[in-house]
Amino acid sequence: MCAAVTSSRAAQTRAKPNRVMYRRGFAESGVDPASIRTLDDLPRLPLLDRRAVMAAPRDFAVQPLRLMWPSRSSGTSGQPITVYRTPGSSAFEQAALQRQWGWFGLPRDARRVVLRGSSIAVDRGVLTHEIPGDHQLLVSSFHPTPEALPEILRAIRAFRPHAVEGWTSSLTLLAARLRDAGERLPVQAVITSSETISTLQRELMSAVFQAPIVDHYGQTERVAMASNCEAGGYHVFPDYGIVELLPMADGRAEIVGTPLHNWGFPLLRYRTGDFVGPAPSGPCPCGRAFPRLGAVAGRSEDAFVASDGRLIPLPSEGITQRLHELGNRLATGIRQVTTDLGVADHLQIRGRASNLVFATLDPDGKPSQPYRTLLLRQLLTGGIIGPSFVVSAALTNTDIDHTIDVVAHACTVYKKALDAGDPTPWMGGRPVKPVFRRYV
Ligand SMILES: [Zn+2]
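Residues numbered from 1 in each chain as written. Predicted model: local features only at pLDDT ≥ 70, side-chain atom pairs only at ≥ 80, totals over all residues.

## Some details on the packing of helix α10 (residues 369–381) against helix α11 (residues 397–420)
In step 1: It is the contact of α10 with α11, at a shortest axis distance of 9 Å, that shows an interaxial angle of 140°. The interaxial crossing formed by α10 with α11 has right-handed handedness. Of the residues in α11, those touching α10 at Tyr371, Leu374, Leu375, Gln378 and Leu379 are Val406, His409, Ala410, Val413, Tyr414 and Ala417.
In step 2: In terms of residue class, the contact of α10 with α11 is built from 9 nonpolar, 2 polar and no charged. (Axes fitted to C-alpha atoms, helices over the stretch in contact; angles between N-to-C directions. Helix = DSSP H or I, 4+ residues; strand = E, 2+ residues; numbered from the N terminus. Left-handed = near helix turned anticlockwise from the far one by under 90°. Contact = placed C-beta atoms within 7 Å. Nonpolar A, V, L, I, M, F, W, Y, C, P; charged D, E, K, R; others polar.)

Rendered as structure tokens:
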């Protein structure tokens, strides 16, 4: 860790004299950069929020922009962000990756089939595109259809890959198509990234690709890197970036990274917005001393079904963030009106923002189908069919606000029924019944 501390101080030394922004930041936080001498001193620096970099990325550059190249994220965790990289940083990145490939017997010039959301393959209107200098074969993630599969498979086999890598959802789709076609595509490693990975996905991919699944964690900002070892441990690369774990109320921790290689664009204590669960205790069976993280538990993107039945990974659209924004707007609005109208103890919103449900409780606080019927009837009267409050990305803020207005009206009726101790006059028919069988 000594090397890491030394490098961190070097990053600050470079940051301090070159940009007003860093001088101001140190001055405002009251921290003398010279006082940051060991790893234990690092938490005295303020945390850096993603939004600050998004708002003015050039302010974080301490070398001339012409000596670096910009990189724009695909927005897997929301809105895109632009960062700048030095050539040395890119070489460092490659070296870190190659070291990790070695754990799985991959050579430094490993030939990789790459599937990510959008790619040159899509832009050029082709299914695959080879980049010889990078030993990569890009495969369009948007076209693993049964019709296109034979051509894609021919190109992949002709390429003779050591590994397949890309977004978990994209690789899962390809694996599913291969399985359905009765095909196998043996490689030495499957390198997944950018999304959380489920047990089912692992099983499918390891059956089709007949190789270990290596989940890789990184970001466009390149402040921290972690990867699976052959024993399944999730190891931080401490020479790549200093990783701090910021505890959250729900037991997870946010990854905060301070990179040790990109001297032209130093991000100090950068909040990644990515979360991990508790780290396993004790040494990893692989024997490596690199610290371990818990499973990444804060980024997940699914595939969406297009109207023609194709499964499409769409992280670049920021749809999950939109769902959460809409859901939060709805939940906040409804909680406000139920509180204002005195029924908050009886009409409750539950679940994640993108997947809200509601509970209807009678005057005694017990779940009640008659009160549920009353609410559904009143929503219907206002033009809302609402068996639950799950939002869709197709909805607008106006739709959400209209729903809140209708719920507000329904709450006034709900209150009357509670006061009367009987919802029957407002139910408009028999009580609804659950149609799901309960397994206990
Ligand atoms: Zn390990």
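## A few points about the nonpolar core
In step 1: Residues Ala224, Met225, Ala226, Val236, Phe265, Leu267 and Val276 are the most contacted members of the largest nonpolar core, which totals 31 residues.
In step 2: Mapped onto this core, the elements with two or more residues apiece are β2 (82–85), β10 (234–236), β11 (241–247), β12 (253–259) and β13 (270–276).
In step 3: In terms of nonpolar packing, the next biggest core, distinct from the first, is built from 30 residues, Val113, Leu115, Trp167 and Val190 among them. (Core = buried A, V, L, I, M, F, W, Y, C linked by C-beta atoms within 7 Å. Buried ≥ 20, exposed ≤ 12 C-beta atoms within 10 Å, placed from the backbone.)

## Considering α10
In step 1: Here α10 contains 13 residues, and its C-alpha end-to-end distance of 18 Å stays within 8% of the 18 Å for a straight helix at 1.5 Å per residue.
In step 2: Turning to α10, its buried residues are Tyr371, Arg372, Thr373, Leu374, Leu375, Leu376 and Gln378.
In step 3: Check the buried side of α10 and you find it contacts β16 (347–350), β17 (357–360) and α11.
In step 4: At the C-terminal side of α10, Gly383 shows a positive phi close to 90°. (Expected span 1.5 Å × (residues − 1).)

## Overview of the sheet that holds β11
The strands making up a sheet associate through hydrogen bonds between their backbones, and the pairing can be parallel or antiparallel.
In step 1: Taking strand neighbours across the sheet as the criterion, the 3 strands line up as β11-β12-β13 in an open arrangement whose pairing is antiparallel. Because the sheet does not close on itself, it has two edges, and the strands there are β11 and β13. Averaged over all pairs of adjacent strands, the angle between strand axes in this sheet comes to 30°, irrespective of strand direction.
In step 2: Two elements, β12 and β13, share 4 bridges in a ladder whose sense is antiparallel. Each residue of the ladder has a partner; that of Ala253, found in β13, is Val276. (Pairing = 2+ DSSP bridges.)

## Topic: the sheet that holds strand β3 (residues 112–115)
In step 1: The 8 strands are arranged β4-β5-β3-β6-β7-β8-β9-β10 in an open sheet whose pairing can be described as mixed. Each end of this open sheet is capped by a strand with a single partner; those strands are β4 (128–131) and β10. Pairs of neighbouring strands in the sheet enclose a mean axial angle of 20°, with direction left out of account.
In step 2: Here 5 bridges tie strand β6 (residues 163–167) to strand β7 (residues 189–193), and the two strands are oriented parallel to one another. Residue pairing in the sheet places Trp167 in a bridge with Ser193 of β7.
In step 3: This element, helix α7 (residues 168–180), spans β3, β6 and β7 of the sheet and lies at about 125° to β6.

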